[in-house]
Amino acid sequence: GYPTLKFYRDGEARPYRSGRKAENLIEYAKSMSRDPIQRVTTSTVDTMMENHGVSFVYVDGSKDASISGEFQKIAKKYQGLYFFGSAVGKAGSSFSKKFRIDTTPAVAYLTKGGIPDVTTDLGEESLDAFIKEHPFSLVTEINSHTFSDVSDNGKPVMIVVMKKPKEDSDRLLSAAYAPALALQGTVLTAKIDGKRFSSYLDQFGVRKSGAPKILIVDYETEIYWHSPSDILTSEGDLSLKIQEWVEDALDGKIPYTPLVAWYNPRRYMRLVSKALRGYSETTIMILMISASIMGAVLLFTCFSYLDADFEPPRQEAQPIATQAPAPTTKPKEE
């Protein structure tokens, strides 16, 4: 959407995913001027995963280990989008044991609640591809900066709607991690602030006053499902209930609800947005100007044609009304 902010480095634009206030912009500028790779140890890795959705850590347990130049280039390229760390030497050896990394040097993808994924192919192109394969955390957050990436990921999205009471939201979110891991290849799991994005959630029938709940949204086919109203109160393992409900929904055992009507203009705006994604801003501007000119020419042609063929309706002549002579009571003489 517009207005929007972009961050440029080495002539390449990237999305800006922080706040719009002055202090947010200042902090972002400071963070981007720091070293893109931070030191990580086994004692700080849990805090790292709690504070950062997606992390990539360079691991090398050898005595004279140092960070490869290729990883430094990749970290600089994606700085601000993901967290980049390093565990080398003794710290790298401990890190390898904790996450069962058999071969080093390696780069590990880490996210809270997820299973680490590791690559030992440390060429620049290979690392770039590895990072692009892991754009999301196990439970990613939906906001104005991440919505396009989440909705275009190609898989249905299980969304935990965080609302009051906070205890229920936290319980529901905590229970969602196990099915998120079990169904990772089938669905993407996310969370959303139900109060902040209440207007967006209205289209799914989610009300401000309702309890926390889970949605499954298939953005490709534009359908969705609501979690059962008693999902938090019914007996049994909550994680298992969530997983079974998601599997039943995707298997067609639970009726779905259409996301939007065919005539809803928002549907076509999304289709246009998808079609234009990947084009440069200059190309999009040229297309918009061309479409505007063609539309104006078409309207002018239509109105000119209508004006040339227009003739005012003719009114048929009506006889002039005359007043009849007043009746008389005297008979006329022959």
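The text that follows walks through the structure, step by step, so that each part is easy to find.

About the thresholds
Residues numbered from 1 in each chain as written. Predicted model: local features only at pLDDT ≥ 70, side-chain atom pairs only at ≥ 80, totals over all residues. Heavy atoms only, no water. Helix = DSSP H or I, 4+ residues; strand = E, 2+ residues; numbered from the N terminus. Buried < 20%, exposed > 50% of the residue type's maximum accessible area, 1.4 Å probe, protein only. Contact = heavy atoms within 4.5 Å. Areas by Shrake-Rupley, 256 points an atom, 1.4 Å probe, with all protein chains shown as cover. Axes fitted to C-alpha atoms, helices over the stretch in contact; angles between N-to-C directions. Parallel < 35°, antiparallel > 145°, perpendicular 65-115°, else oblique. Left-handed = near helix turned anticlockwise from the far one by under 90°. Pairing = 2+ DSSP bridges.

### As for the overall build of the chain
Part 1: Helix and strand counts for the chain come out as 11 helices and 13 strands.
Part 2: Expressed as a percentage of its 334 residues, the buried residues of the chain come to 35%.
Part 3: Contacts in the chain between residues far apart in sequence, at least 24 positions, make up 69% of those at least 6 positions apart.
Part 4: Here the chain displays about 21800 Å² of accessible surface, and carbon together with sulfur accounts for 55% of that area.

### Looking at the environment of Asp102
Part 1: Tracing the backbone through its elements, the reader meets Asp102 in the loop between helix H4 (90–98) and strand E6 (106–110).
Part 2: Given a relative accessible area of 77%, Asp102 falls into the exposed group.
Part 3: The sequence separation of Asp102 and Val118 amounts to 16 residues, and the corresponding C-alpha distance is 9.8 Å.

### Thoughts on the packing of helix H7 (residues 166–182) against helix H9 (residues 238–250)
Part 1: It is at 8 Å that the axes of H7 and H9 come closest, and there the two elements cross at 55°. With respect to each other, H7 and H9 are oriented oblique. In the packing of H7 onto H9, the handedness of the crossing is right-handed. For the pair H7 and H9, the contacting residues are Arg171, Leu172, Ala175, Ala176, Ala178, Pro179 and Ala182 in the first and Leu238, Ser239, Ile242 and Gln243 in the second.

### Structural notes on the sheet that holds strand E11 (residues 213–218)
Pairing between sheet strands relies on hydrogen bonds along the backbone, with the strands arranged either parallel or antiparallel.
Part 1: If you trace the six strands from one edge of the open sheet to the other, you get E8-E10-E9-E11-E12-E13, paired in mixed fashion. Among the strands making up the open sheet, the edge pair consists of strand E8 (139–141) and strand E13 (257–258).
Part 2: Relative to strand E10 (residues 188–193), E8 runs parallel, the two being bridged by three bridges. Following the sheet pairing, Val139 is matched in E10 by Thr189.
Part 3: Together, E8, strand E9 (157–162), E10 and E11 form the strand contacts of H7, whose direction differs from that of E9 by roughly 165°.
Part 4: Together, E9, E11 and strand E12 (223–226) form the strand contacts of H9, whose direction differs from that of E11 by roughly 30°.

Any link to function would need more than the numbers given here.
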